[in-house]
Structure formats: structure tokens, C-alpha cells
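For reference, the chains in residue letters:
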Amino acid sequence: MSMKYKLVRKVNPTKKKKQWYAIPQYVLRQAGDMTLKRVAHNTTFSTSELNCALGLLGEYIPYALADGRTVKIPGVGSLRLSFRSTGVDDIRDFNSRTMIGGLHIVFTPEAEAMRIIRREAQITLGSVKDERGRYPTIAAYLKANGLNEKGE
């Protein structure tokens, strides 16, 4: 198995010209019951026991994050809440109600999990996409657009 990417042509805001970028091409999301079956496989846990434990974790995490805690999930990583803020020149002008927003969760994987991912991940081309269409390979894109390998 490999992680696929697609090449997409879009404007580089600093150079003001179109360039090719690789972006992840995700496959369908794995269903929760499949995740439970794969995790419980070769253990003494049933999928319903695992589901219950993860459900309890899911109930706890939002409250811990809302309380400003970083939540560590052993073997996986940690979650923390973060936000964006608008700046002011004078501290007296700061208003937290209007100048703090963009609340989001930051996930930091455990080092061992990242070592495994880096070792196991194979990243391969999935497709090429521009304003005219989608192509399965770079060669197909070049051919459809009357270009050769040198871009002429």
C-alpha cells in the first residue's frame, strides 16, 4: 500500500504565477467498525469492548481540551487546543472576544509512531490535475497537452 498524491497546478501567491504542487490524494475514509476489527484482531478484546473504551476517551477529550489540557494518548500522540489571534499595537486595545478565533485541535504524533510511518509510507503519484482535466500520469498529461518530456 502507498500514500498517493496528485499534482495540482495553482497560483504561487509570492511568485504570482502558476506552479505544480503535490497534495495528498486520500482514499475513502476507513469505517469505524473496520478500525475496531483491525485493532482488536489477535487480542482478547472484543470490538464492542474496544468501542466502549474509545467512546469513553471520545467523551473525555473535548472537556479536557476545553479546560486547556494537552491530552496524551499512549502509543498514538497528544492533542491540544490552539487558536489564532489578531494583533494590536496597544495592549489596552486587545479584546479577547473579538480578536481570538480559529479554534482548532493540534495533533502531535508520538516519536515511535512517526518512525513507523516514515519507514512504512510509500508516496506515489495518483493523478495530475489542471484546469482542463485530470490525468493518470505525467506522461498522459504531457501527451494530452501536446508537450514532450522536455516541456516543449
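Notes on the structure follow. Remember, it's a predicted structure, so these values are computed and weren't measured experimentally.

### Let's talk about the sheet that holds strand β1 (residues 3-12)
With mixed pairing, four strands are arranged side by side in an open sheet as β2-β1-β6-β7. Only two strands of the sheet have a single partner each, and these edge strands are β2 (17-25) and β7 (133-135). Pairs of neighbouring strands in the sheet enclose a mean axial angle of 30 degrees, with direction left out of account. Relative to strand β6 (residues 123-130), β1 runs parallel, the two sharing six bridges. Within β6, the position partnered with Lys4 by the bridge is Thr124.

### What to know about the nonpolar core
Judged by nonpolar contacts, Ile61, Ala64, Leu65, Val71, Ile73 and Leu79 together constitute the single largest core of six residues. For this core, the secondary structure elements donating two or more residues are α2 (47-66) and β3 (71-73). In terms of residue count, the dominant contributor to this core is α2 (three residues). Apart from the residues lying within four places of it in its own chain, the contact partners of Ala64 are Arg69 and Val71. Counting five residues, the second largest nonpolar core, distinct from the first, contains Leu7, Val128, Tyr135 and Tyr141.

What counts, and where the lines are drawn
Residues numbered from 1 in each chain as written. Predicted model: local features only at pLDDT ≥ 70, side-chain atom pairs only at ≥ 80, totals over all residues. Heavy atoms only, no water. Pairing = 2+ DSSP bridges. Helix = DSSP H or I, 4+ residues; strand = E, 2+ residues; numbered from the N terminus. Axes fitted to C-alpha atoms, helices over the stretch in contact; angles between N-to-C directions. Core = buried A, V, L, I, M, F, W, Y, C linked by side-chain atoms within 4.5 Å. Buried < 20%, exposed > 50% of the residue type's maximum accessible area, 1.4 Å probe, protein only. Contact = heavy atoms within 4.5 Å.

Purely geometric numbers; function is a separate question.
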